[in-house]
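Okay, here's what each chain looks like letter by letter:
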Amino acid sequence: MKTRRRRPPAERLRVAILSRKERLYSTRRLVEATRAFGHEPVVLDTLRCDLLVEQGKPSIFYEGRALEGISVAIPRIGASITRYGIAVVNQLEAMGIPVVASSGAIARSRDKLRCLQVLASSRIDVPRTVMMREREHLELAVEQLGGLPVIVKLLQGTQGVGVMLAHSLDELESTLDTMWNLEQEILLQEFVAESRGKDVRALVVGDRVVGAMRRVAKVEGEFRSNIHRGGSGEPIELPASWAEEAIRAARACGLDVAGVDLLESSAGPRITEINSSPGIEGLERATGKDIAAEIIAHAVSLARGAERVEGRES
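About the thresholds
Residues numbered from 1 in each chain as written. Predicted model: local features only at pLDDT ≥ 70, side-chain atom pairs only at ≥ 80, totals over all residues. Heavy atoms only, no water. Helix = DSSP H or I, 4+ residues; strand = E, 2+ residues; numbered from the N terminus. Buried < 20%, exposed > 50% of the residue type's maximum accessible area, 1.4 Å probe, protein only. Contact = heavy atoms within 4.5 Å. Areas by Shrake-Rupley, 256 points an atom, 1.4 Å probe, with all protein chains shown as cover. Core = buried A, V, L, I, M, F, W, Y, C linked by side-chain atoms within 4.5 Å. Pairing = 2+ DSSP bridges. Axes fitted to C-alpha atoms, helices over the stretch in contact; angles between N-to-C directions. Patch = residues over 30% accessible without salt bridge, like charges linked within 9 Å, V, L, I, M, F, W, Y side chains within 5 Å. Salt bridge = Lys/Arg side-chain N within 4 Å of Asp/Glu carboxyl O. Parallel < 35°, antiparallel > 145°, perpendicular 65-115°, else oblique. Nonpolar A, V, L, I, M, F, W, Y, C, P; charged D, E, K, R; others polar. Polar contact = N/O pair within 3.5 Å; in protein donor to acceptor, adjacent residues only side chain to side chain.

By the naming in an unreviewed UniProt entry, the chain is Ribosomal protein S6 glutaminyl transferase, taken from Vulgatibacter incomptus.

What follows is the structure, encoded as structure tokens:
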């Protein structure tokens, strides 16, 4: 995927991309798109950002130097560094730098239960979900979810890791005992049979869905369809009502850029997760669309909006 060269801007911006590895596909594409717009990309390894908290003067030091001149930041925070990543994004916000995903929004999206609570309170359809810790409550929980099989999810798993399907009560009890002994919090979720082995990923940028694909499991019988687990993606055009649900879900979580995962049920779309750092490789290859350019265009608009606000206040 190549980003088309854009007309040089009136003023060159410095666009920070928080990423552990510059060679990652999504990071490389965002760098290419930034340059194509005529702006300067700055890739920052999130864990190499040192935060100085000082009255009236929050700052970030990178490689021993104070970070200056950043116009807007695009957080690409991996699940393994969520806590530190959120702290870095919060520091950027304290410094008055616009961010594509706020620290609060990232935190909400990373906690699967909190995310579902936010969505459900916004009257967005989600799969029935139970969080519990008492083994004697298990039969009631399964009944509340509509019976077996049920999905078992780690509270903060990602890319299909920590997601299992339990077909029997014995299997479910064994799985939960293992997870709880490892001090892991888990969710039980109803299994939507008509969506077995497939789901839809919609990429929301601002107030639009800029691309969508149906993800299909590679192996017959596999219920997880994640691209990172070998699934394939095929481009789809979302019905307007489905696109609006994806946009509403991203807004409910407070995200400007979000990967929204939907299950295709007989009752309509059911939203399972919101990803605050969605990968764009699968979607760009499936749709042929320049998703990176859409994200950079939105980031630039945030920076320009902040400039206009500062101009009015000064």
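Engineer: Help me out: how do you make sense of the overall build of the chain in this one?
Structural biologist: If you tally the helices and strands in the chain, you get 9 helices and 15 strands. Sorting the 314 residues of the chain into buried and exposed places 50% on the buried side. Looking at the chain alone, contacts between residues at least 24 apart form 68% of all its contacts between residues at least 6 apart. Summing over all exposed atoms, the chain offers an accessible surface of approximately 15600 Å²; the carbon and sulfur share of this is 46%.

Engineer: Can you walk me through the nonpolar core in this structure?
Structural biologist: When a protein is soluble and globular, its nonpolar side chains tend to lie buried together. By size, the foremost hydrophobic cluster in this structure holds 48 residues, and its most contacted members are Leu44, Leu92, Leu119, Leu238, Val260, Ile271 and Ile274. Ignoring sequence-local partners within four residues, the contact set of Leu119 consists of Ile124, Val126, Ala249, Ala252, Cys253, Ile271 and Ile274. Counting 27 residues, the second largest nonpolar core, distinct from the first, contains Ile17, Val210, Val257 and Val300.

Engineer: In this structure, what is going on with the sheet that holds strand β3 (residues 49–52)? I would like to understand it.
Structural biologist: If you trace the 3 strands from one edge of the open sheet to the other, you get β3-β4-β5, paired in antiparallel fashion. The sheet is open, and its two borders are formed by β3 and β5 (65–66), each paired with just one other strand. Both β3 and strand β4 (residues 59–62) contribute to a ladder of 4 bridges, which runs antiparallel. By the bridge assignment, Leu52 is partnered in β4 with Ser59. Strands in contact with helix α2 (residues 82–94) are β3 and β4; relative to β3, the strand with the most contacts, it is inclined by about 55°.

Engineer: In this structure, what is going on with a nonpolar patch on the surface? I would like to understand it.
Structural biologist: Residues Leu47, Leu51 and Tyr84 make up a contiguous nonpolar surface patch of about 220 Å² in total accessible area. Locating Leu47 in the fold gives a position in the loop between β2 (40–44) and β3.

Engineer: Looking at this structure, how should I read the pattern of salt bridges?
Structural biologist: Between side chains of opposite charge, a pair can form when the charged atoms approach closely. Under the criterion given, the structure shown has 22 salt bridges. Note that Arg48 is salt-bridged to Glu63, the shortest N-O span being 2.8 Å. In this pair, Arg48 is assigned in the loop between β2 and β3 and Glu63 in the loop between β4 and β5, connecting sequence segments 15 residues apart. Taking the relative accessible area as the measure of exposure, Arg48 reaches 43% and is therefore partly exposed. Between Glu245 and Arg248 there is a salt bridge; the shortest N-O distance is 3.0 Å. Taken together, the residues Glu245 and Arg248, both in helix α7 (residues 240–253) and 3 residues apart, mark about one turn of the helix. On the basis of relative accessibility, which here comes to 28%, the residue Arg248 falls in the partly exposed class.

Engineer: I keep staring at the pairing of strand β6 (residues 72–75) and nothing clicks. Help me out?
Structural biologist: Remark: a regular strand shows side chains that alternate across the two faces of the sheet. Burial along β6 is two-sided: Val72 and Ile74 and Ala73 and Pro75, pointing in opposite directions, are all buried. Across 4 bridges, the pairing between strand β1 (residues 14–18) and β6 is parallel. Along β6, the bridge assignment pairs Leu18 with Pro75.

Engineer: Sorry if this is basic, but what is going on with the packing of α2 against helix α3 (residues 103–110) here?
Structural biologist: Any two packed helices are characterised by how steeply their axes cross, that is the angle between the axes, and by the distance between the axes. The interhelical angle for the contact between α2 and α3, taken along N-to-C directions, is 155°, at an axis separation of 8 Å. If you check the angle between α2 and α3, you find them roughly antiparallel. In contact with Thr82, Ile86, Val89, Asn90 and Glu93 of α2, α3 contributes Ser103, Ile106, Ala107 and Arg110. The residue makeup of the contact of α2 with α3, split by class, is 4 nonpolar, 3 polar and 2 charged.

Engineer: Is there a simple way to explain helix α4 (residues 112–121) in this structure?
Structural biologist: Taken together, the buried positions of α4 are Lys112, Leu113, Cys115, Leu116, Val118 and Leu119. Against α3, β7 (129–130), β8 (150–154), β10 (186–190), α7 and β15 (268–275) lie the buried residues of α4. Sitting at the amino-terminal end of α4 is Asp111, which places a side-chain oxygen 3.1 Å from the backbone nitrogen of Leu113. Arg123 lies just past α4 and shows a positive phi near 60°.

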